[in-house]
Amino acid sequence: MSAIPFDDGQSWRTRLAASPGWIVIWTLLVIGAIVMMTPLLYMIATSLKQPHEVFEVNIIPHEPTFENYTYIFQNSPFGRWFFNSFVTSTIVTLSVLFFDSLIGYTLAKFEFRGRNIVFIAILTTLMIPTEMLVVPWYVMAKNFGWLNSYWGIMFPGLMTGFGVFLMRQFFMGVPNDYIDAARIDGLGEFAIFCKVALPLVTPALSALAIFTFLGNWTAFLWPLIVTSDRALYTLPVGLASFSSENLTAWELVMAGATIATLPTLIVFIIFQRYIIRGVVLAGLKG
Amino acid sequence: MTIERKLALRAWAFLAAPIVFFCLIRFYPAFESFGIAFSEWNLLSPPKFVGFANFQRMLGDPVFWIAFKNTFLYLIIGAPVSLLLAFVVAYYLDQVRFAHGLIRACYFIPHLTTTVAMAWVWRWFYQPPPVGLFNNLLNTVGFGTQPFLRSTFQALPAVLAPAIWAGLGFQIVLFMAGLRAIPSSYYEAARIDGAGRWMVLREITLPQLRPTIVFLVVISSIGFLRIFDTVFNMTDNGAGGPLNSTKPLVLYIYESAFRAYQMGYAAALTIVFFLILLAVSLVQLRLMRSQ
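Residues numbered from 1 in each chain as written. Chains lettered and ligands numbered in written order. Predicted model: local features only at pLDDT ≥ 70, side-chain atom pairs only at ≥ 80, totals over all residues. Heavy atoms only, no water.

**Q** Let's hear about the interface of chain B and chain A: which residues, and what values?
**A** Contacts between chain B and chain A engage 96 residues on the former and 105 residues on the latter. When chain B packs against chain A, the two sides together hide about 9200 Å² of surface, and 78% of this comes from carbon and sulfur. Summed over the three residues of chain B that lose the most area to chain A, namely B:Phe14, B:Trp120 and B:Trp124, the buried surface amounts to 8% of that side. Between chain B and chain A we count one salt bridge in total. In this structure, the salt-bridge partner of A:Glu131 is B:Arg226, at a minimum N-O distance of 2.9 Å. Applying the counting rule to chain B against chain A returns 10 residue pairs in polar contact (both at pLDDT 80 or more). (Contact = heavy atoms within 4.5 Å. Buried area = accessible area lost by both parts, 1.4 Å probe. Salt bridge = Lys/Arg side-chain N within 4 Å of Asp/Glu carboxyl O. Polar contact = N/O pair within 3.5 Å; in protein donor to acceptor, adjacent residues only side chain to side chain.)

**Q** Could you give an account of a nonpolar patch on the surface, naming the residues involved and the relevant values?
**A** Residues and elements named next belong to chain A. A contiguous nonpolar surface patch, about 460 Å² in accessible area, is contributed by Ile23, Val24, Leu28, Ile31 and Val35. Turning to its location among the elements, valine 35 is positioned in helix H1 (residues 22–47). Residue classification places valine 35 among the exposed residues on the basis of a relative accessible area of 52%. (Patch = residues over 30% accessible without salt bridge, like charges linked within 9 Å, V, L, I, M, F, W, Y side chains within 5 Å. Areas by Shrake-Rupley, 256 points an atom, 1.4 Å probe, with all protein chains shown as cover. Helix = DSSP H or I, 4+ residues; strand = E, 2+ residues; numbered from the N terminus. Buried < 20%, exposed > 50% of the residue type's maximum accessible area, 1.4 Å probe, protein only.)

**Q** Pulling in residues and values, what's your account of the nonpolar core?
**A** Core analysis: the largest hydrophobic core is formed by 200 residues, its most contacted members being A:Phe171, A:Val201, B:Phe228, B:Tyr254 and B:Met263. Setting aside its immediate chain neighbours within four residues, B:Tyr254 contacts A:Leu221, A:Leu224, A:Ile225, B:Phe228, B:Phe232 and B:Arg259. (Core = buried A, V, L, I, M, F, W, Y, C linked by side-chain atoms within 4.5 Å.)

**Q** Break down helix H12 (residues 235–245) of chain A for me, with residues and values.
**A** Of all 11 residues in H12(A), nine are buried, a share of seventy percent or more. Among all positions of H12(A), only A:Leu235, A:Pro236, A:Val237, A:Gly238, A:Leu239, A:Ala240, A:Ser241, A:Phe242 and A:Ser243 are buried.

**Q** Would you mind going over the side chain of A:Thr234 in detail, with residue names and values included?
**A** Structurally, A:Thr234 is set in the loop between helix H11 (221–226) and H12. Excluding its chain neighbours within four sequence positions, the residues that come into contact with A:Thr234 are A:Trp81, A:Asn84, A:Ser85, A:Thr88, A:Ile153, A:Ala219 and A:Pro223.

**Q** Can you break down unusual backbone geometry residue by residue, with the values?
**A** Residue and element names in this part refer to chain B. Looking along the chain, the bond that leaves glycine 241 and enters proline 242 is cis, with omega of -5 degrees. Among the secondary structure elements, proline 242 is positioned in the loop between helix H11 (229–234) and helix H12 (249–258). If you check the backbone angles, asparagine 237 has positive phi at about 55 degrees while not being a glycine. The topology assignment puts asparagine 237 in the loop between H11 and H12. On the basis of relative accessibility, which here comes to 70%, the residue asparagine 237 falls in the exposed class. Unusually for a residue other than glycine, tyrosine 261 sits at a positive phi of about 50 degrees. Along the chain, tyrosine 261 turns up in the loop between H12 and helix H13 (263–290).

**Q** Provide a residue-level description of the environment of A:Lys142, including the pertinent values.
**A** Along the polypeptide, A:Lys142 turns up in helix H5 (residues 130–143). According to the relative accessible area criterion, A:Lys142 is partly exposed, its value standing at 38%. Put simply, A:Lys142 and A:Leu158 are 16 residues apart on the chain and 19 Å apart in space, counted from C-alpha to C-alpha. Apart from residues no more than four positions distant in its own chain, A:Lys142 is found in contact with A:Leu147 and B:Leu43.

**Q** Could you give me a rundown of the packing of helix H4 (residues 100–112) of chain B against helix H7 (residues 155–180) of chain B, with the residues and numbers involved?
**A** Residues and elements named next belong to chain B. Relative orientation of the contacting elements H4 and H7 amounts to 135 degrees, with a least axis distance of 5 Å. In terms of axis orientation, H4 runs oblique to H7. Contacts between H4 and H7 pair His100, Arg104, Tyr107, Phe108, Pro110 and His111 from the former with Trp165, Ala166, Gly169, Phe170, Ile172, Val173, Met176 and Arg180 from the latter. The class makeup of the residues in the contact of H4 with H7 is nine nonpolar, three polar and two charged. (Axes fitted to C-alpha atoms, helices over the stretch in contact; angles between N-to-C directions. Parallel < 35°, antiparallel > 145°, perpendicular 65-115°, else oblique. Nonpolar A, V, L, I, M, F, W, Y, C, P; charged D, E, K, R; others polar.)

Set out below in structure tokens:
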């Protein structure tokens, strides 16, 4: 895990490192970091404990066991929920990557009347909170028979105003010369987008992909509304129902919580740098 | 056909499907929710136009006012506490080199976790003895058992804590990026002028951080106003109890629409909710800009 490199002339800011107080500050920061991680550590530790050990404050299980995991996979549709979440999050992410970058590219690189109107209209959607749309979406899903289906879970998120905004910003930075050169070479417009423009914005694409996937993986309100068939729950909705049914078997609840959380932790460990950079990019530009 | 015209046609071809999508899935439902808000509708019989009845009902609905109050409690406690904590951590973490990346990761990881899973972890922490971690710890050091989620007084802060905890990492990362963006020459100049730490913080760091602060205040306020997953999963039957003491507006919207099937009333609540979000962010932007 590498720190952000300090650029030259940061000496004033890092002066603390040389003063005797730094060890106090550092220790406080480390204590804070441990406190931040405590819920996760307890979650994982407890998921490996046997029922009689659950209420002990000690974090390391005496005899770690995977029985809680085998139990919940055998006695509830966790495998199915995992699969549902995976499929819907993946498809939504692919759709967002394709459409948002296509829209962003078109708005950044084509000159046509009405371009600004389209852009502003799409930006306006960022002002409309999801909560305001869920009732009409539910009615729509009910009328079209989309309740309890993957399509029902996915349809509201297939394109996002945020992604359009992010991608447009990045395509603005792509020099027109590349695109013009490709046009002179006789490449079609769609081929230019796929083969010339997209490879130039891979950092933005990877940030958008990670955010969209994580956002959909952890989404709760809409999947809760649109699914009532247990087999079609996504992982968070399934976990919520599973937990309220097993309110006293906390070792099982923690195993379920771990299953819902581990994928995001693994994604973070692999893509740490992209995620933190992505948060900064999206945050500062959004 | 001129090349400009050809390119314009191609642009519209690329935008055709997205325009249909945004109109059908974003704009039309937004307008439709106004239509639903002025009707009485349980989804079974056809909707009936009732004018402002839903809004009038809201004025006399005690649960609405409790949810309204709770929503603002989440906002006015959550946003300042989380921003202050995040700033203090970011300010010092920015100056520390040793294990910097690891410490930052520890603060950031909770931000990426599934809210539902974390709500259950915290719910378990708050259980009465011998189950809950917090009460076990309190008892070990000689303090009495606390009711936490079972108390109408303690439940709201108890629900808010994990929400603050989960959002902290995001704010820290953005504050640190903002701190890094301040040109070092400002600090060098301050050092030459012999300015003290507090002076530098007040005269250089905070004013330079203004864009980051404005952004984070608005974003985190909207986040606390929209609180739902945590409350739903930390209270019995997802009802925002005890006695509605933790129920925010979004949860009341959910209950009205999908438990009571009062679509008209729920839609009216969403419009009020939308106006609150809009007002809060506009007021904040205005205040931050005029200062």
